[in-house]
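A structural walkthrough
These are the residues of each chain, in order.
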Amino acid sequence: MRRRTLLAGVTGAALLTATPAHARSGRTLHVRPGDSLQAAVDAVDGPGRTIVVHPGTYREVVKVPAEKAELTIRGASRDPRAAVLVFDNANGTQKPDGSGTYGTAGSATFTSAAPGLTVRDLTLANDWLRADHPEITGTQAVAAYLTGDRTHFDNVRLLAHQDTLFADTTALDAFDRQYFHRCHIEGDVDFVFGRGRAVFEACRFHTLQRDVGFTPKGMVFAPATARADPYGFLALRGRITSGAEDAAYKIARPWVPSYETTAWPSLVVRDTWIGPGIDAVTPYTDMRAAYPWQTMRFREYANSGPGAVIPVPENRPQLTAEEAAVHTRRTYLGDWRPYGRP
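Residues numbered from 1 in each chain as written. Predicted model: local features only at pLDDT ≥ 70, side-chain atom pairs only at ≥ 80, totals over all residues. Heavy atoms only, no water.

1. Quick notes on the overall build of the protein chain
Spelled out, the test is: The helix count covers DSSP runs of H or I at least four residues long, the strand count covers runs of E at least two residues long, and both are numbered beginning at the N terminus. With the radius of gyration taken over C-alpha atoms, the globule rule is written as 2.2 Å times the number of residues to the power 0.38. A contact between two residues is defined here by any heavy atoms of the two lying within 4.5 Å.
Counting its secondary structure elements, the protein chain contains five helices and 27 strands. On C-alpha atoms alone, the protein chain measures out to a radius of gyration of 19 Å, which is about the 20 Å that the 2.2 N^0.38 rule sets for 342 residues. Each principal axis of the C-alpha atoms in the protein chain carries an extent, and together these give about 60 × 45 × 35 Å. Contacts in the protein chain between residues far apart in sequence, at least 24 positions, make up 69% of those at least 6 positions apart.

2. Thoughts on the pattern of salt bridges
Note the threshold: Whenever Lys or Arg places a side-chain nitrogen within 4 Å of a carboxyl oxygen from Asp or Glu, that contact is recorded as a salt bridge. A 1.4 Å probe rolled over the protein chains alone gives each residue an accessible area, and that area as a share of the maximum for its type sets the label: buried under 20%, exposed over 50%, partly exposed in between.
Taken as a whole and assessed by the stated rule, the structure comprises 20 salt bridges. One salt bridge connects R59 with D127, and the closest N-O pair in it is separated by 2.6 Å. Residue R59 is found in strand β5 (residues 56–59), and its partner D127 is found in the loop between β11 (123–126) and β12 (144–146); the two are separated by 68 residues along the sequence. Of the residues examined, D127 reaches a relative accessible area of 0% and is grouped as buried. Of the charged contacts, one joins D335 and R177 as a salt bridge, the two residues approaching to 3.0 Å between their closest N and O atoms. You can see D335 sitting in the segment after α5 (329–333) and its partner R177 sitting in strand β16 (residues 177–181), a full 158 residues away along the chain. When salt bridges with common partners are traced through the structure, they connect R59, D88 and D127 into a single cluster.

Structure, rendered in structure tokens:
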């Protein structure tokens, strides 16, 4: 897949190299083509500020530090394709200063550690391609790396291939909460992964066609939930679609990182339409034999579609109705209610 395919459908504006300019109006900063979104983030001088990103394609890396609390970054248009932030670092990309490679988290186009961050009506993308860099084996290329409690994404497109969305926490013992609403998230390998307690409501997860001769071609989720956290990823009232052939993808595999071998990955997919791109017979697989998926907290409930049929019940653990009553956005997010009324 070429870069232009990955970003198909985004604004037709030319790719622009960002410059430091930005315009301020009270508590709101405006970023226009030719400006730098990072410069606007750097200029934020207090909580509750808003950055409005006007239509255009901004090729830069943006990092929101923890001290930029309660920040909103939103597109000027309600169409998330109109304003695009994109870059092309990968795990194995060498840093310009010669100090080594970026690593998975460091490859992210957009990084935030800020509590109370809201992002809406934007596209965040990493258009690094394996085919363009056969010499690089660290092929993870993250669109967004998120930590910090109360992170809220609404109507955001997240585009990449491997490791698109890194939904993580600020520390091993932190249960940072994240809420994604009406988002489009696409990729191929483990493209929603991490340790965060994340709710995905009415989101579309789209698996890409991948030019390889094996299956599975990839997995949608790879949670790495801390054992002490009762809740990990919750996907509800969404869709899992595919650009690949039938049964080419798995729903998930557990990620137990080498730096946190006590992790107990948790994923619930409920009330979701699952398309034929998911292998209905064996929808889960292992990342490592030492951590079989059957020992993890993987459950489903009331899903529909050709990828949700249950030909082998032991391969698709289901919640009971009583258990399902616990796995809700309100339970996962507690006293933080970005979704409005319960």
